[in-house]
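Structure at a glance
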Amino acid sequence: MLFTSDKEAGYGQEEEEKFRPQDGAKLRRKQYEAELAPLQGELVAMQEWVKSTGAKICIVFEGRDTAGKGGTIKRIVERVSPRVFRVVALPTPTEREKSQMHIQRYMEHFPAAGEVVIFDRSWYNRAGVEPVMGFCTPEQTEHFLSMTPLVEKAMEDSGIILLTYWLEVSADEQTRRLESRINDPRKTWKLSPMDLKSYGRWYDYSRARDAMFEATDTAWAPWYVAHTDDKKRGRPNIISHLLSQVPYEPFPGLDVELPKRQKAGHYREPTLMMRQIPTPN
């Protein structure tokens, strides 16, 4: 059985100690931005290497609710080309997709040559939210856990660089972030009914996470855990680690000079009055 009572499993507060972040002051915004900018420049260098070599990179982000997956992905892709970097966040499966092999609907999104595909949650739903919330049977999850390393080995054998990240947030910080979503009108769209249902099942998710790590942490697709109570510290750490796992070449820079702009010649500004957007005072 994947899930037993906390007492039967011997699961308690001490079991979470290994997933607690290190104590330390939170990163200030100026320092955060100073660290992030050069890393985003390196992501552009990685992009050019991917394009020139035909490399295929697949990045999976999983983790606790509110752990910061979306924000981390946003910082990865905001300075690179959407023609190279593609984010996949699949909705609830259709009835047809539910009848397919579980990973089947994800396979069509795997990267081709010259692509970086980022999964904002992935096939690992079958190891996390689905068993915890009762959307699949224990047997289905056990089968998934036994088959996934084989599928990921096939991905590696096909030339895909697969990186799997788990973002971990403390219980107190998760509570703070969910309360912020409730109280801040700018964030209410982030609060889903599933978040509320999942909130009380902290240790069910802990057991599911541990079973997933035990079954799927392999030499070809190891899990990397990032502590994100401090998002400003976690995001640069993740990007830096991602870059260290890809054998890209540094971007040499552009040796370019802007050409001279042509003279106006016979061109005259139009007399037609166009609708202008007003400038606020």
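Here the structure is a predicted model, which means the values were calculated and not measured.

Conventions used here
Residues numbered from 1 in each chain as written. Predicted model: local features only at pLDDT ≥ 70, side-chain atom pairs only at ≥ 80, totals over all residues. Heavy atoms only, no water. Pairing = 2+ DSSP bridges. Helix = DSSP H or I, 4+ residues; strand = E, 2+ residues; numbered from the N terminus. Axes fitted to C-alpha atoms, helices over the stretch in contact; angles between N-to-C directions. Expected span 1.5 Å × (residues − 1). Bend = angle between axes of the 7 residues up to and from the residue. Buried < 20%, exposed > 50% of the residue type's maximum accessible area, 1.4 Å probe, protein only. Contact = heavy atoms within 4.5 Å. Salt bridge = Lys/Arg side-chain N within 4 Å of Asp/Glu carboxyl O.

Details of the sheet that holds strand β4 (residues 160-168)
As summarised here, the arrangement of the five strands in space is β2-β3-β1-β4-β5, forming an open sheet in which the pairing is parallel. In the strand order of this sheet, the two ends are held by β2 (85-88) and β5 (223-227), each with one partner. Across the sheet, the axes of successive neighbouring strands diverge by a mean angle of 20°, strand direction being ignored. When strand β1 (residues 56-63) meets strand β3 (residues 115-120), the two strands line up parallel, connected through six bridges. The partner of Ile-59 across the bridge, within β3, is Ile-118.

Considering the pairing of β3
As judged from the four bridges shared by β2 and β3, these two strands associate in the parallel manner. The residue bridging Val-88 from the neighbouring strand is Phe-119, located in β3.

Observations regarding helix α7 (residues 138-157)
Between its first and last C-alpha atoms α7 spans 29 Å; for 20 residues at 1.5 Å apiece the expected length is 28 Å, and the two agree. Largest kink in α7: about 35°, centred on Met-147, with the proline Pro-149 one to four residues after it. Of all the positions in α7, only Thr-141, Phe-144, Leu-145, Thr-148, Pro-149, Glu-152 and Met-155 are classed as buried. Of the surrounding secondary structure, the elements contacted by the buried residues of α7 are β1, α6 (129-133), β4 and α10 (202-216). Directly after α7, the chain includes Gly-159, whose backbone phi takes a positive value near 100°.

Thoughts on the pattern of salt bridges
Side chains that differ in sign of charge can pair as their charged atoms come close. With the rule as written, the count across this model stands at 19 salt bridges. The residue Asp-184 makes a salt bridge to Arg-186 at a minimum N-O spacing of 2.7 Å. Take Asp-184: its relative accessible area is 12%, and that puts it in the buried class. Among the salt bridges present, the one from Arg-209 reaches Asp-210, with a minimum N-O distance of 3.0 Å. Residue classification places Arg-209 among the buried residues on the basis of a relative accessible area of 1%.

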